[in-house]
Amino acid sequence: MGERRDLLVAALALGALPFALAALGMGVTSATEAVIFALACMALNILVGYTGLTSFGHGAWFGLAAYAAAIAQRELFPGSFVLPIALALAVVFGASFVFGFLILRRRGVYFSLLTLALSAVLFSIAFRWTEVTGGENGLGGIKRPEWLGVSFESAWAYYVLVSVVAFVALVALWRFHRSPLGSVLVAIRENEQRARFLGYATNRYKLVAFVASAGLTGFAGTLLLFNNRMTSAEPISVAFSGELLAMVIIGGMRSFLGPAIGALFFVVFRDALSRYTENWLLYFGLLFVVFVVYSPTGLVGLYQRVTARWRPRTVEDAAMSARQAGAVTLPDFLKPREHADGPILVASSIALSFGGIRAVRDFSMRMRDRVLHALIGPNGAGKTTAFNLISGMYAPQQGTIDLAGRAIAGLPPEAVTQAGVGRSFQITNLFPTLSVAENVRLAVQARDRRRFDFWRPTGALADVESRTAEVVRTMGLSGVERAQAGSLSYGGQRLLDMALALGTQPRVLLLDEPLAGLAAAERERVGRLIKDVSRDLPVLLVEHDIDRVFALADAVTVMNDGAVLVDGTVEDARGSPEVQAVYIGSGAHALAGKPRRSAAGEDVLLALEGVNTFYGKSHILRDVAFDVREREIVALLGRNGAGKSTLLKSIVGIARPGSGSIRLGSEELAQRTSAQIARLGVAYVPQGRGLFAGMTVAENLELGRLRRRTGQGVHWDDERLFAFFPRIKQR
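Residues numbered from 1 in each chain as written. Predicted model: local features only at pLDDT ≥ 70, side-chain atom pairs only at ≥ 80, totals over all residues. Heavy atoms only, no water.

This paragraph deals with the overall build of the protein. Along the backbone of the protein there are 28 helices and 16 strands. Each of the three principal axes of the protein carries a C-alpha extent, and together these read 105 × 70 × 55 Å. Restricting to contacts in the protein with at least 6 residues of sequence separation, those with at least 24 account for 72%. Split by element, the accessible area of the protein, about 35,300 Å² in all, is 57% carbon and sulfur. (Helix = DSSP H or I, 4+ residues; strand = E, 2+ residues; numbered from the N terminus. Contact = heavy atoms within 4.5 Å. Areas by Shrake-Rupley, 256 points an atom, 1.4 Å probe, with all protein chains shown as cover.)

Right, let's talk about the environment of Leu21 for a bit. Relative to the elements of secondary structure, Leu21 occurs in helix 1 (residues 4-23). For Leu21, a relative accessible area of 2% translates into the label buried. Taking the C-alpha atoms as reference points, Leu21 and Phe99, separated by 78 residues in sequence, lie 39 Å from one another. (Buried < 20%, exposed > 50% of the residue type's maximum accessible area, 1.4 Å probe, protein only.)

Here we come to the packing of aromatic side chains. Evaluation of the coordinates by the stated rule reveals 21 aromatic pairs. Between Phe81 and Trp147, the ring centres sit 5.5 Å apart and the planes meet at 75°, which makes this aromatic pair edge-to-face. With a gap of 66 residues between them, Phe81 in the loop between helix 3 (59-75) and helix 4 (82-103) and Trp147 in strand 1 (residues 146-147) connect regions that are remote in the sequence. In this structure Phe81 comes out as buried when scored by relative accessible area, which is 8%. On the basis of an interplanar angle of 80° and a centroid distance of 5.1 Å, the ring pair of Phe266 and Phe284 is categorised as edge-to-face. Linking Phe266 in helix 11 (residues 258-273) with Phe284 in helix 12 (residues 280-294), this pair joins segments that are 18 residues apart in sequence. (Phe/Tyr/Trp six-rings, centres within 6.5 Å; stacked < 30°, edge-to-face > 60°.)

In this structure the tally under the stated criterion is 22 salt bridges. Arg107 is the salt-bridge partner of Glu192, the closest N and O atoms lying 3.8 Å from each other. Remark: Arg107 occurs in the loop between helix 4 and helix 5 (109-128) and Glu192 occurs in helix 8 (residues 180-197); sequence separation between them is 85 residues. Residue class for Arg107 comes out partly exposed when judged on its relative accessible area of 48%. (Salt bridge = Lys/Arg side-chain N within 4 Å of Asp/Glu carboxyl O.)

Time to look at a nonpolar patch on the surface. A cluster of nonpolar side chains, Val289, Val290, Val292, Val293 and Tyr294, forms an exposed patch at the surface whose accessible area comes to about 490 Å². Mapping Tyr294 onto the fold places it in helix 12. (Patch = residues over 30% accessible without salt bridge, like charges linked within 9 Å, V, L, I, M, F, W, Y side chains within 5 Å.)

What follows concerns the nonpolar core. Counting residues in each nonpolar core, the largest one holds 141 residues, and the members touching the most others are Phe37, Met475, Leu477 and Leu496. With 17 residues, helix 2 (residues 28-51) is the single largest residue contributor to this core. Non-local contacts of Phe37, meaning those with residues more than four positions away in its chain, are made with Phe62, Leu224, Phe240, Met247, Ala263, Phe266, Val267 and Arg270. Among the nonpolar cores identified, the runner-up in size contains 26 residues, and Ala381, Ala386, Leu403 and Ile408 belong to it. (Core = buried A, V, L, I, M, F, W, Y, C linked by side-chain atoms within 4.5 Å.)

Below, the discussion takes up the sheet that holds strand 12 (residues 563-568). The six strands are arranged 8-9-10-5-11-12 in an open sheet whose pairing can be described as mixed. Only two strands of the sheet have a single neighbouring strand rather than two, namely strand 8 (421-423) and strand 12. When the angles between neighbouring strand axes are averaged without regard to direction, this sheet yields 15°. Strand direction decides the pairing type here: strand 8 and strand 9 (residues 508-512), joined by three bridges, are parallel. By the bridge assignment, Val421 is partnered in strand 9 with Val508. Along the sheet face, helix 14 (residues 383-391) touches strand 5 (372-376), strand 8, strand 9, strand 10 (539-542) and strand 11 (555-560) and points at about 150° away from the line of strand 9. (Pairing = 2+ DSSP bridges. Axes fitted to C-alpha atoms, helices over the stretch in contact; angles between N-to-C directions.)

This part takes up the sheet that holds strand 7 (residues 406-407). The strand order across the open sheet built from four strands is 4-3-6-7, with neighbouring strands paired in antiparallel fashion. Across the chains shown, the open sheet's two edge strands, defined by having one partner strand only, are strand 4 (357-368) and strand 7. Packing against the sheet, helix 14 makes contact with strand 3 (343-354), strand 4 and strand 6 (398-403), and its axis sits at approximately 65° to strand 4.

Tracing the backbone shows Arg679 in helix 25 (residues 674-679). Looking at Arg679, the relative accessible area reads 40%, which means it is partly exposed.

This part covers the side chain of Gln445. Within the secondary structure layout, Gln445 lies in helix 16 (residues 436-445). Taking relative accessible area as the criterion, Gln445 reaches 1% and is therefore assigned buried. Apart from residues lying up to four places away in sequence, Gln445 is in contact with Pro180, Ser183, Val184, Tyr200, Arg451, Thr458 and Val464.

Taking 1.5 Å per residue, 13 residues should reach 18 Å; helix 17 (residues 462-474) reaches 18 Å between its end C-alpha atoms and fits that length. Every buried residue of helix 17 is accounted for by Val464, Thr468, Val471, Val472 and Thr474. Down the axis, helix 17 shows its buried residues gathered within 165° of arc, on one side only. Of the surrounding secondary structure, the elements contacted by the buried residues of helix 17 are helix 16, helix 18 (490-503) and helix 19 (520-534). Gly476 lies just past helix 17 and shows a positive phi near 70°. (Expected span 1.5 Å × (residues − 1). Arc of directions from axis to C-beta.)

A separate point is the environment of Ala521. If you trace the backbone, Ala521 turns up in helix 19. By relative accessible area, which is 63% here, Ala521 ends up exposed. Along the primary structure Ala521 and Ala233 are separated by 288 residues, whereas in three dimensions their C-alpha atoms are 67 Å apart.

Counting all residues, the mean pLDDT for the protein is 87, and 92% of those residues have values of 70 or more. Per-residue pLDDT, averaged within each element of the protein, yields its smallest value for helix 23 (residues 588-593) (55) and its largest for helix 9 (residues 202-228) (96). Note that pLDDT drops below 50 for residues 314-321; the model gives that stretch 14 contacts with residues more than four away or on any other chain. (pLDDT = per-residue confidence, 0-100.)

Written as structure tokens, this is what we have:
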């Protein structure tokens, strides 16, 4: 049954609600209000629960529609029911489209504050424009309809009408949330950036959600207008918008019927408690705080936790043990229909700077069709930034990027993806609460012309389902399709990230460290898969395993300090003195053979024993142990991805070790915060040059030096500091 059970529950609840409330001493009018508020809350939940957009002013649409319908019946369509509502919905749809188009350019708290401002402005207008809105008295004299000899002036008749209309709206919402469009809204909630890199123009989808939510909220407002036979500025107020949001959260915003349950709870709480105190809203606010703190999943989540012991669940094995090894062939639908004889991807003299840091400078590369082209270089060389420029995350400040003769430089990520660039990410970038199959389906669906369908169920797209299964099977994820993406092992998440990139049916595939975190056998299999893919689909690969890169790649581009050192064959890169100098240094043998006296003392200053550090499920540091003595310089050497940066972060508390000991003299550092460790005298220079960009050099020094006089470590005065770094004095 799944979600279909929700419709049955809703139908039964609508039939039983007046009788249940009557048993509590409440009338049919309260039941009607509960249904109307439930409809408004489920409309608001399109934004809050499904799209991840929090509106603090959604009551504006509720009150605006009520006013529009009231004015329409009083002035244009006396005694009419349908026409005033239709006109009100037209007003709300038009206004919400314009307003949403403007404010959806802002995200997070700015979006929420703009909706709050809308509510405040409209409330002020409605309250003061007495000639049109009636001011604090509102607009009255509204008449309910009479159809086929049935008058809806009685409370029971109107409840039946509202219940039928609400159930029809509920069915429409149920289909909307299960549609391709609805699945994209959930993807936006989970990870908007990844949704854009699958090819979805997320602002369009958010605008549809905003308009649909405003329209349905406005429809609920018109129903309350006819229920009360009048309207006022109160529903437009910020307070009412807050009440709607509280109902959604108390009921459970991640549940289909949760907001409706919250609305019913609000009406019962209000009517029951208002008999004893005028301050019922204060107690409702306190209850709201309790739910936010102790049960953020609302009443639905509370019910699920209480009854979990009596409802055994089938837990998918996310440890990859149920996974079946995939094939090393590319499905036919992913193979390009035609191939290019010349280069398929050309980057010419592209550059990008972040402030004063030139991340990429004069980067040029020509990538041929049906090849595995490796992009290598040390940490900080600019490889990922080059990926971001090609895939549309950043726009180059100069230069051009052409894909199959089409200029793509400066296009947004969704446009670049639709043009034919698919990419994975250095840090896995998934939809964590969705299943493996749902993740892949979103990628495949992005290429389907029905991706904007708001009525057809996602499972009804047969070709999308079959292609999703092919990608899952190809990437070796069969057997864990129903497991949540966030519960997979790190290696499984890497495979799923690649599957998303492949699912977009790219013309060029960009893979950023796809072998990281995989076991040796899995690295071998995935390496063969990537090589096999490149025979039909050109692959641009960033990878730290140089031996494997040289074994697999057809062409290599080597970067260092944001620029290209070598762009040629594997032999060109292997034999280049510049590349050798970057990876193993220059003059190393002569320096190592030169005798020199050690200044190291006998006392151990820093001691590490059995340090193990994890990133999620990835085991980065394994039983690291060494000592650093007084006046000793210890060099950490290793290939990219060996864990050098993670070791430094573990010492300074940025990445807390899972086990082991890190001692500075007699002080244990392993479980201290970064601030505590810094005050004990451990200084850290991060790889990314972590400065306070909005502050002067002097202010940076003040924060980093003068205000850290804790009695630990060595204090450097200005004279000593400037003697070592004379250029700082000039700045």
